[in-house]
Amino acid sequence: MNNYSPCRQDFDQFMVPIYAPAQPIPVRGQGSRLWDQNDREYIDFVGGIAVNALGHLHPIAVNALLEQGQKLWHLANGFTNEPALKLAKKLIDHTFAEKVFFCNSGAEANEAALKLARKVGLQSGHANKNKIIAFKNAFHGRTLFTVSAGGQPKYSQDFAPLPEGITHLPFNDLDAFKAAITDEVCAVILEPIQGEGGIIVADHDFLKGVRELCHQHKAVLIFDEIQTGMGRTGALYAYQHTSIVPDVLTTAKALGGGFPIGAMLTTTELGQQFVVGDHGTTYGGNPLACAVAGAVFDLINSPEILDGVTIRSQLFIDGIQKLNEQYSVFKEIRGKGLLLGCVLKEEYANRAKEIVNLGVDEGVFSLIAGPNIVRFTPSLIIPEEDIYEGLTRFGCALACFVNQK
Ligand SMILES: *Cc1c(COP(=O)(O)O)cnc(C)c1O
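Residues numbered from 1 in each chain as written. Predicted model: local features only at pLDDT ≥ 70, side-chain atom pairs only at ≥ 80, totals over all residues. Heavy atoms only, no water.

K.L.:
I'm lost on the domain arrangement of the protein in this one. Help?
P.N.:
How large an interface is tends to be reported as the accessible area lost when its parts come together. When the domains of the protein are assigned, the result is domain 1 (8-57 + 303-403) and domain 2 (72-300). Taken together, the contacts link 25 residues of domain 1 with 24 residues of domain 2. Of the roughly 2,000 Å² buried between domain 1 and domain 2, counting both surfaces, carbon and sulfur atoms make up 65%. Of all residues in domain 1, Leu306, Lys336 and Leu339 bury the most surface against domain 2, accounting for 28% of the area lost on that side. On inspection of domain 1 and its partner domain 2, the count reaches one salt bridge. Note that Glu196 is salt-bridged to Arg375, the shortest N-O span being 2.8 Å. Here domain 1 and domain 2 share eight residue pairs in polar contact (both at pLDDT 80 or more) between them. (Domains from an automatic or database assignment. Contact = heavy atoms within 4.5 Å. Buried area = accessible area lost by both parts, 1.4 Å probe. Salt bridge = Lys/Arg side-chain N within 4 Å of Asp/Glu carboxyl O. Polar contact = N/O pair within 3.5 Å; in protein donor to acceptor, adjacent residues only side chain to side chain.)

K.L.:
How do you make sense of the environment of Ile200 when you look at a structure like this?
P.N.:
Residue position: Ile200 is located in strand S9 (residues 200-201). A residue is classified by how much of its surface remains accessible, and Ile200, at 23% relative accessible area, is partly exposed. For Ile200 and Gly341, which are 141 residues apart along the polypeptide, the C-alpha to C-alpha distance reads 8.7 Å. Apart from residues lying up to four places away in sequence, Ile200 is in contact with Phe171, Asn172, Pro192, Ile193, Gln194 and Arg334. (Helix = DSSP H or I, 4+ residues; strand = E, 2+ residues; numbered from the N terminus. Buried < 20%, exposed > 50% of the residue type's maximum accessible area, 1.4 Å probe, protein only.)

K.L.:
Just to check I follow, could you spell out the pairing of strand S13 (residues 330-336) for this structure?
P.N.:
If a strand is regular, its side chains alternate between the two faces of the sheet. In this sheet, strand S14 (residues 339-344) lies alongside S13 in antiparallel orientation, the contact comprising six bridges. Residue pairing in the sheet places Ile333 in a bridge with Cys342 of S14. (Pairing = 2+ DSSP bridges.)

K.L.:
What should I look at first to understand the UniProt feature "binding site: N(2)-acetyl-L-ornithine" (unreviewed entry) in the protein in this one?
P.N.:
Here, UniProt's "binding site: N(2)-acetyl-L-ornithine" (unreviewed entry) annotation points to Arg142 and Thr281. Lining of the second largest pocket among the annotated residues: Thr281. Locating Arg142 in the fold gives a position in the loop between strand S5 (131-135) and helix H6 (144-149). Contact partners of Arg142, with chain neighbours within four places excluded, come to Ala107, Val147 and Tyr155. Along the chain, Thr281 turns up in the loop between helix H9 (268-271) and helix H10 (287-300). Residue classification places Thr281 among the buried residues on the basis of a relative accessible area of 16%. Setting aside anything within four residues of it in sequence, one finds Thr281 in contact with Asn77, Phe101, Phe102, Cys103, Asn104 and Glu108. (UniProt positions renumbered as here; feature names shortened; annotations may be inferred. 1 Å grid on protein atoms, 1.4 Å probe; cavity = no way out; pocket = protein on both sides within 12 Å on 5 of 7 lines; lining within 4 Å.)

K.L.:
What's the story with a nonpolar patch on the surface in this structure? I'm lost.
P.N.:
Nonpolar side chains collect at one region of the surface, where Tyr4, Phe14 and Met15 lie side by side and expose about 320 Å² of accessible area between them. Mapped onto the fold, Met15 is located in the loop between helix H1 (8-14) and strand S1 (26-30). Relative accessible area serves as the criterion here: at 47%, Met15 is assigned to the partly exposed category. (Patch = residues over 30% accessible without salt bridge, like charges linked within 9 Å, V, L, I, M, F, W, Y side chains within 5 Å. Areas by Shrake-Rupley, 256 points an atom, 1.4 Å probe, with all protein chains shown as cover.)

Okay, here's the thing in structure tokens:
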């Protein structure tokens, strides 16, 4: 067994077949480049799906991991720890939040948010204040509660019976929302930019209207910023581009820069409705994850990196537009910052995955966001030359794509 060298076919033999990974197996990374088992190099425009916000092996993150790795990894919740308290303070100092709950993933952060909102509704004394409004095409994770809150039935229907009381409304439709919200609603959950659902940016007026109606009906407004947070759109959190503030914010993905961690942020008033024993997790807030996240947070929460996102975003948009003048594949580029979606023209409908696969052949990793959209979520500090080189390779993929038809 010691000289066993894994290959891609082993995935099909060993793994529960819920993923269809690309052929190459990356074995190491540096910045925005990856190398596979044959030492072939790739440009990484995926960044672990908006996770590796500082690229691979950022020296400051590596150093935080090594330092904490030699001090203390895990304690469980009978003790608190310094890295968790330091990270909580940073999150509180730089957002609306006054209380933090740490967990290990995005789904767990949303699970905590929805459970908190249910409890707040129950405690309110208002009969049946347990309804949740969510939106079509939303994605909130894969636990049974969060997959039920998500707005793509294909991800939940095989696991019925599902948690009850969740309604899905069309996104960006304030009239539909007005018609649906009542005093029985305890929570409204939405992504400021729907990521998995196709890079759909929430309209400002929609968010503003939802905020006002949530106040009016005393519903907890949850912003799922798991994909949009930690600098992805050029602000620390996307809500900070606006004057609209949620009651609960969930964050994960880039929070640990590649080390698993998630968090639910909220106010004192709401947070204190959870009491000792109400909720928990073994690993949540462990010193190792929090030490790495603390270092990542300080780096990302700086004008150099946040302003750099907007600059890099424009380089991507200009580059893709130029390619599109040549190949005429996309009808729209949308999103914000370094969360960008390229929407295929009707004649190429449902073929985003083919383009992504051709990209791998040409040495560039990209993503889909539904069958019609090629998505880019690269490192927030991707060097300009990697953007140009990656887009050149992506152009080769587009050339193959249009020529093969
Ligand atoms: C990725 C994602 C999640 C789920 O996060 P996990 O860490 O995979 O559980 C939830 N919401 C949004 C918006 C996401 O992008």
